[in-house]
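So you can see what is in the structure, the chains are spelled out below.
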Amino acid sequence: MTRVQNYIRIDRWTRIVLLVLAWVLLPLSSSALTKDNGDAAYKKGNFQQAITDYKGLLRNSVSPEIYYNLGNAYFRSDSLAQAILAYERAHRLSPGDKDINFNLQFARSKTIDKIVPQSEVVFATWYRSLINLTSADTWATISIIAITLALILMLVYLFGPQMTLRKVGFFGAATFLLVFALTTLFAWSQHEAITNDTGAIVISPSISVKKTPVQNAADAFVLHEGTRVEVSDSSMAGWCGVQLSDGREGWIPSQNLEKI
């Protein structure tokens, strides 16, 4: 009788362990299968199925690659606004990716609204281009490597047996400290830009931008799908105050926008 009880107890624990393993491993296999299915559906021209699969994968974790693929699927299915939205989200995660940037600019060129941005200080444009060469995570990784090398070279400067070696340690440490400071600044700047991003995409075919947040207010101008706006005020229920890169401002019903 004792042997039977032990067998039952062991069998029960075995089933519990197997259930836990299945619970842990099933999402991983499902995610991989979802991406494989999305890629296969896209190659076969079944773009709606690809969109469903990519969106399902993004519910588990965000990725610039998946957003990029989602944008491609939306673009091929003639959903311009959603394509631009997906490309914008991919660009935010990986601003230095050339393929993402090219497709984003190409999709923007298909929009009806041709908005000329206001001119800005050259230094600001140059600085933004510099920090967008790569992602915030990459800048952070470079800064960690730089401070590690700086500390090693500082030890060489302090304990090096030869003057030449100590000079190399001193100037090398100073150089990598500068690299550490700059890359940390770049990582922080890009993180702040992502955190405080107020961008949104017009998802309606066309929408009249109002001068005040009421339905019967006078129209300020008209925008069309795919146009990017900056949300300047979201305090009014059902409305968003928006600003264009050319300086124009107005109010749009919030259901006509989707934030990046």
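The rules behind these values
- Residues numbered from 1 in each chain as written.
- Predicted model: local features only at pLDDT ≥ 70, side-chain atom pairs only at ≥ 80, totals over all residues.
- Heavy atoms only, no water.
- Helix = DSSP H or I, 4+ residues; strand = E, 2+ residues; numbered from the N terminus.
- Contact = heavy atoms within 4.5 Å.
- Areas by Shrake-Rupley, 256 points an atom, 1.4 Å probe, with all protein chains shown as cover.
- Polar contact = N/O pair within 3.5 Å; in protein donor to acceptor, adjacent residues only side chain to side chain.
- Buried < 20%, exposed > 50% of the residue type's maximum accessible area, 1.4 Å probe, protein only.
- Salt bridge = Lys/Arg side-chain N within 4 Å of Asp/Glu carboxyl O.

Chemist: Help me understand the overall build of the protein, please; the structure alone is not making it clear to me.
Modeler: Summing up its helical and strand segments, the protein has eight helices and seven strands in all. Expressed as a percentage of contacts within the protein between residues at least 6 apart in sequence, the contacts between residues at least 24 apart total 54%. Approximately 16400 Å² of the protein is accessible, and the part contributed by carbon and sulfur atoms is 62%.

Chemist: In this structure, what is going on with the side chain of Thr-227? I would like to understand it.
Modeler: Tracing the sequence through the fold places Thr-227 in the loop between β3 (219-224) and β4 (228-233). There is a polar contact of 3.1 Å between the side chain of Thr-227 and the backbone oxygen of His-224. Sequence-distant contacts of Thr-227, that is, excluding residues within four places in its chain, are made with Asp-113, Ile-115, Ala-200, Ile-201 and Val-202.

Chemist: I'm lost on the side chain of Ser-63 in this one. Help?
Modeler: With respect to the element layout, Ser-63 can be found in the loop between α2 (47-58) and α3 (64-76). By relative accessible area, which is 18% here, Ser-63 ends up buried.

Chemist: Explanation requested: the pattern of salt bridges in the structure shown.
Modeler: For side chains bearing opposite charge, pairing can occur when the charged atoms are close. As enumerated under the stated definition, the model contains eight salt bridges in all. One salt bridge connects Asp-197 with Arg-228, and the closest N-O pair in it is separated by 3.3 Å. Residue Asp-197 is located in the loop between α8 (163-195) and β1 (199-202), and its partner Arg-228 is located in strand β4; the two are separated by 31 residues in the primary sequence. When its relative accessible area of 26% is taken as the criterion, Asp-197 is described as partly exposed. Judged by relative accessible area, which is 29%, Arg-228 ranks as partly exposed. Between Lys-210 and Asp-219 there is a salt bridge whose closest N-O contact spans 2.7 Å. Classification of Asp-219 as partly exposed rests on a relative accessible area of 42%. Overlapping salt bridges bring together Glu-88, Arg-92, Arg-108, Asp-197, Arg-228 and Glu-230 as one network.

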